Amino acid sequence: MRCSKCKERAIAYLKPYRIALCGKCYPEFYLRLVERSVKKYGILKRKERILACVSGGKDSSAMVVALKMLGFNVEILHIDLGIGDYSKKSRKIVEELAEGIDVPFHVVELAEYGFTIDGVDVKKVCSVCGTAKRYLMNRFARENGFDVIATGHTAEDIILFFFKNVLSGGIEWIPKLVPRSEGGGGFVSKARPLFERSEKENILFVLAEGIPFLADECPHAPRDAWKEIIYDIEAKRPGFKQNFVRGLVRLAKNVKVDENWELRRCKVCGEPSSSEVCAFCRYVMKFKK
Ligand code: Q46
Ligand code: ZN
């Protein structure tokens, strides 16, 4: 198979775009796709100070490198969750990545709050981990004057979230599925510049650009049958994932949810919360050794 642009040997055929590309032409193609999404959906603005949350996996690594190459004002936050060797390796890789692309590197350790993800003895570890990550990234971004938090969520992540939460009746989640949500009341705005990108597109970019990333999966990651279903549909209907997430943006604009819940301040930490004590502080009380 030959590259559709330069006729060199192609590294992949991208079905949704009906194009084959080589390792040299692919990164440029990928960057244009990211740039087009960011512009079309107003995901990020040039003047903004962006805090990119980078775990060390392929998606967030691809995101921060793409944003840097596109000229955005970006810095990296890595959250050390205390997941044994996995966290040690992740942190090292993100540090190396930050140095390689000359982007300021910040790290927050969950252990500073008295517990680690490895020490959480509940069935749904990921739910505790997700709450901790959202809390720590928002707090760090606001306290350090960032305008927006960027995460490496892919089209698969967004569809997965839809299948798991919205299809079971949680329509209040629909507005959260947009590529940018504006902040306020102590919350920093959130951006998902890769919301139209697939995991395959991201991995091709990190491989073609030689970007360091950790291929290991988190030892707590659950096996997800939904993900295989998404891949199956994509294989039968190329372009399904992109069409789906674009449809969700249109849907989110038309779904009205009751936003009359009272936003308070957590009486322990002072962060915004919907209850007297925020979910993160409740976890700290429960798991602190
Ligand atoms: S890091 Fe945390 Fe993930 Fe590991 S414990 Fe689950 S949520 S799987 S992205
Ligand atoms: Zn709190």
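Read on for a plain summary of the structure. (Residues numbered from 1 in each chain as written. Chains lettered and ligands numbered in written order. Predicted model: local features only at pLDDT ≥ 70, side-chain atom pairs only at ≥ 80, totals over all residues. Heavy atoms only, no water.)

**Thoughts on the overall build of the chain**
Right, so step 1: Assigned secondary structure in the chain consists of nine helices and ten strands.
Right, so step 2: Here the C-alpha radius of gyration of the chain, 19 Å, is about what a compact globule of 289 residues would show, namely 19 Å.
Right, so step 3: The principal-axis extent of the C-alpha atoms belonging to the chain is close to 60 × 45 × 40 Å.
Right, so step 4: The buried share of the chain, reckoned over its 289 residues, is 48%.
Right, so step 5: A sequence separation of at least 24 residues applies to 69% of the contacts in the chain between residues at least 6 apart. (Helix = DSSP H or I, 4+ residues; strand = E, 2+ residues; numbered from the N terminus. Rg over C-alpha atoms; globule rule 2.2 N^0.38 Å. Buried < 20%, exposed > 50% of the residue type's maximum accessible area, 1.4 Å probe, protein only. Contact = heavy atoms within 4.5 Å.)

**A look at the coordination of the zinc ion (ligand 2)**
Right, so step 1: For the zinc ion (ligand 2), the full set of protein donor atoms is Cys 266 (SG), Cys 269 (SG), Cys 278 (SG) and Cys 281 (SG), and the range of their distances to it is 2.2 to 2.3 Å.
Right, so step 2: Sequence spacing of the donor residues for the zinc ion (ligand 2), all on one chain, is C-x2-C-x8-C-x2-C. (Donors = N, O, S within 2.8 Å, 3.2 Å for Na, K, Ca; no water.)

**Focus: the site of ligand 1**
Right, so step 1: In the neighbourhood of ligand 1, the contacting residues comprise Cys 126, Cys 129, Lys 133, Cys 218, His 220 and Ala 221.
Right, so step 2: A per-class count over the shell around ligand 1 returns four nonpolar, one polar and one charged. (Near = heavy atom within 4 Å. Nonpolar A, V, L, I, M, F, W, Y, C, P; charged D, E, K, R; others polar.)

**Quick look at the layout of surface pockets**
Right, so step 1: Here the second largest pocket is characterised by a volume of approximately 240 Å³.
Right, so step 2: The wall of the second largest pocket is formed by 17 residues, among which Pro 16, Ser 198, Lys 200, Glu 234 and Lys 241 lie closest to the centre.
Right, so step 3: Broken down by secondary-structure element, the contributors of at least two residues to the lining of the second largest pocket are strand S1 (12-14), helix H6 (199-209), helix H7 (225-236) and helix H8 (240-254).
Right, so step 4: For the lining of the second largest pocket, a count of residues per class yields seven nonpolar, three polar and seven charged. (1 Å grid on protein atoms, 1.4 Å probe; cavity = no way out; pocket = protein on both sides within 12 Å on 5 of 7 lines; lining within 4 Å. Points joined across faces, edges and corners; volume = space filled by probe spheres on them.)

**Things to note about unusual backbone geometry**
Right, so step 1: In this structure, Lys 7 takes a positive phi of about 70° despite not being glycine.
Right, so step 2: Along the chain, Lys 7 turns up in the segment before S1.
Right, so step 3: The phi torsion at Asp 102 lies on the positive side, around 60°, for a residue other than glycine.
Right, so step 4: As for its placement among the helices and strands, Asp 102 is situated in the loop between helix H3 (84-101) and strand S5 (105-109).

**Looking at the pattern of salt bridges**
Right, so step 1: In the structure shown here, the tally under the stated rule is 20 salt bridges.
Right, so step 2: Note that Arg 142 is salt-bridged to Glu 271, the shortest N-O span being 2.6 Å. Separated by 129 residues along the polypeptide, Arg 142 in helix H4 (residues 125-143) and Glu 271 in the loop between strand S9 (264-265) and strand S10 (272-273) bring together distant segments of the chain.
Right, so step 3: Within this structure, Lys 45, Glu 48, Arg 180 and Glu 182 form a network of salt bridges that share partners. (Salt bridge = Lys/Arg side-chain N within 4 Å of Asp/Glu carboxyl O.)

**Regarding the side chain of Ser 87**
Right, so step 1: The topology assignment puts Ser 87 in helix H3.
Right, so step 2: By relative accessible area, which is 6% here, Ser 87 ends up buried.
Right, so step 3: Discounting chain neighbours no more than four positions away, the residues touching Ser 87 are His 78, Asp 80, Leu 81 and Gly 82.

**Some remarks on a positive patch on the surface**
Right, so step 1: Judged by side-chain charge, Arg 36, Lys 40, Arg 250 and Lys 253 come together as a positively charged surface patch.
Right, so step 2: Only helix H1 (25-40) and H8 provide two or more residues apiece to the positive patch.
Right, so step 3: Structurally, the position occupied by Arg 36 is in helix H1. (Patch = residues over 30% accessible without salt bridge, like charges linked within 9 Å, V, L, I, M, F, W, Y side chains within 5 Å. Areas by Shrake-Rupley, 256 points an atom, 1.4 Å probe, with all protein chains shown as cover. Lys, Arg positive; Asp, Glu negative; His and termini not counted. Charge placed at Lys NZ, Arg CZ, Asp CG, Glu CD.)

**Some thoughts on the nonpolar core**
Right, so step 1: In terms of nonpolar packing, the biggest core is built from 60 residues, with Leu 44, Val 64 and Phe 205 touching the most fellow members.
Right, so step 2: No other element matches the eight residues that H1 contributes to this core.
Right, so step 3: Every residue in contact with Val 64, bar those within four places of it in the chain, is listed here: Ala 52, Val 54, Val 74, Ile 76, Leu 97 and Ile 101. (Core = buried A, V, L, I, M, F, W, Y, C linked by side-chain atoms within 4.5 Å.)

**Observations concerning H3**
Right, so step 1: Spanning 18 residues, H3 covers 27 Å between terminal C-alpha atoms, matching the ideal 26 Å at 1.5 Å per step.
Right, so step 2: Of the residues making up H3, those classed as buried are Ser 87, Ser 90, Ile 93, Val 94, Leu 97, Ala 98 and Ile 101. Down the axis, H3 shows its buried residues gathered within 135° of arc, on one side only. Structural note: H3 exposes Asp 85, Lys 88, Lys 92, Glu 99 and Gly 100 on the side pointing more than 90 degrees away from its buried face.
Right, so step 3: Packed against the buried residues of H3 are helix H2 (58-69), strand S4 (73-80) and S5.
Right, so step 4: Directly after H3, the chain includes Asp 102, whose backbone phi takes a positive value near 60°. (Expected span 1.5 Å × (residues − 1). Arc of directions from axis to C-beta.)

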